[in-house]
Structures are given as C-alpha cells and as structure tokens.
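# Structure at a glance
Here are the chains, one letter per residue:
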Amino acid sequence: MAMPEEIVGLLRSNITIKWPDGHETRYRARDLRLACRCAMCIEETSGKPLLDPASVAANVRAQHIELVGQYAISIRWTDGHDTGIYNFRDLRANCPCDACVATRRPTPR
Ligand SMILES: [Zn+2]
Ligand SMILES: [Zn+2]
C-alpha cells in the first residue's frame, strides 16, 4: 500500500487524505474517531463495540497525527484518546466518497 502524499486534518472537522494515484479520501473527524478499532473501543475477543457514540463530542478533532511505520497513522484526539491506529489500506478501503461506495456495493445479478 502506497503512503498518502498528504494528510490534512489537524483541528479540522474533516480529515483529508491525498493518495499517490490522485484520489482524495475525506472523513469527518468524528466518524474516524468512532471508527477506532483499538482495544478500548472494541472488545478484542468478541468485536463488540465498547465505545458509546453518545460519549464522543460532535466537535471532536484530531490534535496530533503521527506516522506509524510506513503503513498507518495514529491519531490523538481532542477527547484525549490516543490508542487508535488507522492503517492506510483500511482508510482507503473504507473511503466514504461516492465513487468508492459505488464500487463496494455488491453488483446486482
Ligand atoms: Zn480507540
Ligand atoms: Zn474514494
């Protein structure tokens, strides 16, 4: 998986990732916070969500974004949560833009 060329999202309501192929992925900051898969947010054994979406403020923002190796970023959020790691493959695979959502939709027989 190629590294993004640019990640812009500090203290913004959207986090935008520019990929080397020119594609742009934009997540709402809160959506990404809610998508956290760390052990505090998702029960490891069952996959049960532990994070109550109601506990995440509407205006939560990324306070610090750090590269993890060549494959992921970790984000410290303004609510103090900092254990989530988001790998580039998933960030791209879950891209919420119309074009990507359309390709993920199962094709009708
Ligand atoms: Zn988490
Ligand atoms: Zn997309």
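Placed above this text is the structure.
The following paragraphs examine the structure supplied in this document. As the structure is a computational prediction, the values presented were derived from the model and not from experiment.

## A short note on the sheet that holds strand 2 (residues 14–18)
The three strands are arranged 1-2-3 in an open sheet whose pairing can be described as antiparallel. Edge positions in the open sheet fall to strand 1 (6–8) and strand 3 (24–28), since each of these has one partner strand only. Each adjacent strand pair in this sheet contributes to an overall mean axis angle of 10 degrees, direction not counted. Judged from the three bridges that link them, strand 1 and strand 2 form a sheet pairing that is antiparallel. Across the sheet, the residue bridging to Glu6 is Lys18, located in strand 2.

## What to know about the coordination of the zinc ion (ligand 1)
For the zinc ion (ligand 1), the full set of protein donor atoms is Cys36 (SG), Cys38 (SG), Cys41 (SG) and His81 (NE2), at a range of 2.1 to 2.3 Å. Note that the zinc ion (ligand 1) binds four donor atoms; their angles at the metal cover 100 to 114 degrees, and the shape is tetrahedral. Positions of the donor residues of the zinc ion (ligand 1) along the chain correspond to the pattern C-x1-C-x2-C-x39-H.

Rules used throughout
- Residues numbered from 1 in each chain as written.
- Chains lettered and ligands numbered in written order.
- Predicted model: local features only at pLDDT ≥ 70, side-chain atom pairs only at ≥ 80, totals over all residues.
- Heavy atoms only, no water.
- Pairing = 2+ DSSP bridges.
- Helix = DSSP H or I, 4+ residues; strand = E, 2+ residues; numbered from the N terminus.
- Axes fitted to C-alpha atoms, helices over the stretch in contact; angles between N-to-C directions.
- Donors = N, O, S within 2.8 Å, 3.2 Å for Na, K, Ca; no water.
- Tetrahedral: all angles 85-135°; square planar, octahedral: opposite > 155°, others 65-115°.

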